[in-house]
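Architecture at a glance
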Amino acid sequence: LDHQFKQALPIIDKIEEAGYEAYFVGGSVRDTLLNKPINDVDIATSAKPNEIKKIFQKTVDIGIEHGTVMVLWKDETYEITTFRTESTYQDFRRPDNVEFVRSLKEDLKRRDFTINALAMNRNGEIIDYFNGQKDIEKKLIQAVGIPEERFFEDALRMMRGVRFVSQLNFDMETETERAIQKHHALLEKIAVERIQVEFLKLLQGSGRQKGLELFIQTNLYSYCPGLNKHKSELKNFAQLDCSIDNSLIAWTLLLHFLKKTTDEAEAFLRGWKCSKKEMTQVKLALFALNHRLKKPFDRQVLYQTGLEIALDVETMIGCLGFAVDVEAVKKMYEELPIYTKNEMKINGNDLQTVLNQKPGKWLGELMTEIESAILKNEVSNESQELLKWVTNRYKLED
Ligand code: ATP
Ligand code: MG
């Protein structure tokens, strides 16, 4: 048993001592069988939320209407969810009604794919009602039960399926794939934010090529923001053979393949409901990537992007098959004379005094000019030098 499971064992034990059942479920069980590092340990139980709250001293209601209680135990938190079924989905996205049940099997039956419908008891024994272990062996993503019905219940599962194909480098079982192909338009009902989570995981999976091809093949792509008319660009993107390790790289490379300008990139990302901060960073990375495709980094571009984005851009350059020089980027960054405007040894007041002028638009413009001169090493960042540079320049232009 992995140490994260061991750490959670007292929780299972306490629930069982109180007369209920409790199991590890979901991604952690799947990933253990795949010999992959596990994220968080989820626990499913026959105890109702109020019963769980009686067993543990420190709990937080995080989704009590769905049956989930968070338990704080030895500086760790665990999500404990009551066995449940979900009935009568009318809007293709969430159950109208969650019904708590006392049987593990009923709970596992409502889960999306066979490999996610596994449970493990406190002794590490696997409970497998839907042949999840066989599908792990066969490397197959297969819906639990009748695929069409499952996607009608919750259309997000279609995206999740394609995401798992990419993340685990699995194939999709034929009937499951056919059902997605047939019902891909149901994705329209799903909130963009939730699609985005799956899409980003898909782009960062080790089986991205396979995942993206399926995403295209099933037509899911045509119900994603800004992708509808870009089948051939997406196909090219799917050919790319390198790992994508973060969402900034994922978005930027995608936009590169879609041949978006930075303005178009902004509209695209807004369609995906990205945050302002994400949009700014991706636009900066796209700008720097375009620069870097033409020539090496220069100090000004590096100053604008910062080291982190610059290194991601360098990674993308390698990904696109060009020569990379990470050390040169790091060295150039270390040698930058300033890292922010605040570090400039001259300010607006100094400029007004030395040039004897009222404040105005010129101030900001001149500060930017000086900033750029410092970065180009035309003047060193020392107050006397900067004042001298400004007066000289001003007199020359006069
Ligand atoms: P990850 O490693 O990315 O967290 P995961 O399988 O743990 O993958 P979660 O979204 O954390 O995915 O969900 C936990 C479990 O809940 C899943 O393994 C699955 O059993 C069930 N589940 C999650 N989303 C759905 C859904 N839309 N429909 C049915 N079951 C779901
Ligand atoms: Mg999980």
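If you're wondering where the values come from, they're calculated on a predicted model, not measured in any experiment.

What follows deals with the overall build of the protein. Within the protein, the regular secondary structure consists of 19 helices and 11 strands. In terms of overall size, the protein is more extended than a compact globule, its C-alpha atoms giving a radius of gyration of 28 Å where 398 residues would be expected to give roughly 21 Å. With the C-alpha coordinates aligned to their principal axes, the bounding extent of the protein is approximately 85 × 50 × 40 Å. Residue burial in the protein is summarised as follows: out of 398 residues, 36% are buried. Once local pairs closer than 6 in sequence are excluded, the contacts in the protein between residues at least 24 apart make up 61%.

Bringing the confidence of the model for the protein into the picture now. In the predicted model, the protein carries a mean pLDDT of 94, and the fraction of residues at 70 or more is 96%. The ipTM for the predicted assembly is 0.98, set against a pTM of 0.92.

This next bit is on the UniProt feature "binding site: Mg(2+)" (unreviewed entry) in the protein. The positions UniProt marks with the feature "binding site: Mg(2+)" (unreviewed entry) are Asp40 and Asp42. With respect to the helices and strands, the residue aspartate 40 is situated in the loop between helix H2 (27–33) and strand E2 (42–45). Relative to the assigned elements, aspartate 42 resides in strand E2. Residue aspartate 42 is classed as partly exposed on the basis of its C-beta count, with 19 C-beta atoms lying within 10 Å. When sequence neighbours within four positions are dropped, the list of residues in contact with aspartate 42 reads Val25, Gly26, Ser28, Glu79 and Thr81.

On the UniProt side, "binding site: CTP" (unreviewed entry) is annotated at positions that read Gly27, Arg30, Arg111, Asp154, Arg157, Arg160 and Arg163 here. By the secondary structure assignment, glycine 27 is in helix H2. Every residue in contact with glycine 27, bar those within four places of it in the chain, is listed here: Asn39 and Asn116. In this fold, arginine 111 is placed in the loop between helix H4 (104–109) and strand E8 (119–120). The contact partners of arginine 111, leaving out residues within four places of it in the chain, are Asn116, Ala117 and Val144.

What the seven strands build is an open sheet, ordered E3-E4-E5-E2-E1-E8-E9; its pairing is mixed. Strands with a single pairing partner mark the edges of an open sheet, and in this sheet they are strand E3 (59–63) and strand E9 (126–127). In the sheet, strand E4 (residues 68–73) pairs with strand E5 (residues 76–82) via six bridges, with the strands oriented antiparallel. Bridging across to E5, tryptophan 73 finds its partner in glutamate 76.

With that settled, consider the pairing of E3. One face of the sheet, then the other: side chains in a regular strand alternate in exactly this way. Taken together, the four bridges between E3 and E4 define a ladder with antiparallel strand orientation. Bridge assignment links glycine 63 to a residue of E4, and that residue is threonine 68. A loop of four residues connects E3 with E4, the two strands running antiparallel in sequence, and glycine 67 in this loop sits at a positive phi of about 90 degrees.

For the rest of this paragraph, the subject is the nonpolar core. Grouped together as the largest cluster of nonpolar side chains are 85 residues, with contacts concentrated most on Tyr23, Ile43, Ala119, Leu220 and Ala285. Apart from residues no more than four positions distant in its own chain, isoleucine 43 is found in contact with Ala8, Ile11, Ile12, Ala22, Tyr23, Phe24, Val25, Tyr78 and Ile80. Residues Ile346, Leu351, Ile374 and Val390 belong to the second largest nonpolar core, which totals six residues.

Near ligand 1 the following residues occur: Gly26, Gly27, Asn39, Asp42, Arg111, Asp112, Asn116, Asp154, Leu156, Arg157 and Arg160. Residue contributions to the shell around ligand 1 peak at three residues, all from helix H7 (residues 156–168). Residue classes in the shell around ligand 1 are distributed as one nonpolar, four polar and six charged. When residues are assigned to domains, the shell around ligand 1 turns out to be shared by domain 1 (1–138) and domain 2 (139–239), each giving three or more.

Further remarks concern the domain arrangement of the protein. Parsing the protein into structural domains produces domain 1 (1–138), domain 2 (139–239), domain 3 (243–336) and domain 4 (342–397). Each side of the interface is counted separately: domain 1 has 15 residues, and domain 2 has 21 residues. A class-by-class count of the residues in the side of domain 1 that touches domain 2 yields six nonpolar, one polar and eight charged.

What counts, and where the lines are drawn
Residues numbered from 1 in each chain as written. Chains lettered and ligands numbered in written order. Predicted model: local features only at pLDDT ≥ 70, side-chain atom pairs only at ≥ 80, totals over all residues. Helix = DSSP H or I, 4+ residues; strand = E, 2+ residues; numbered from the N terminus. Rg over C-alpha atoms; globule rule 2.2 N^0.38 Å. Buried ≥ 20, exposed ≤ 12 C-beta atoms within 10 Å, placed from the backbone. Contact = placed C-beta atoms within 7 Å. pLDDT = per-residue confidence, 0-100. UniProt positions renumbered as here; feature names shortened; annotations may be inferred. Pairing = 2+ DSSP bridges. Core = buried A, V, L, I, M, F, W, Y, C linked by C-beta atoms within 7 Å. Near = placed C-beta within 6 Å. Nonpolar A, V, L, I, M, F, W, Y, C, P; charged D, E, K, R; others polar. Domains from an automatic or database assignment.

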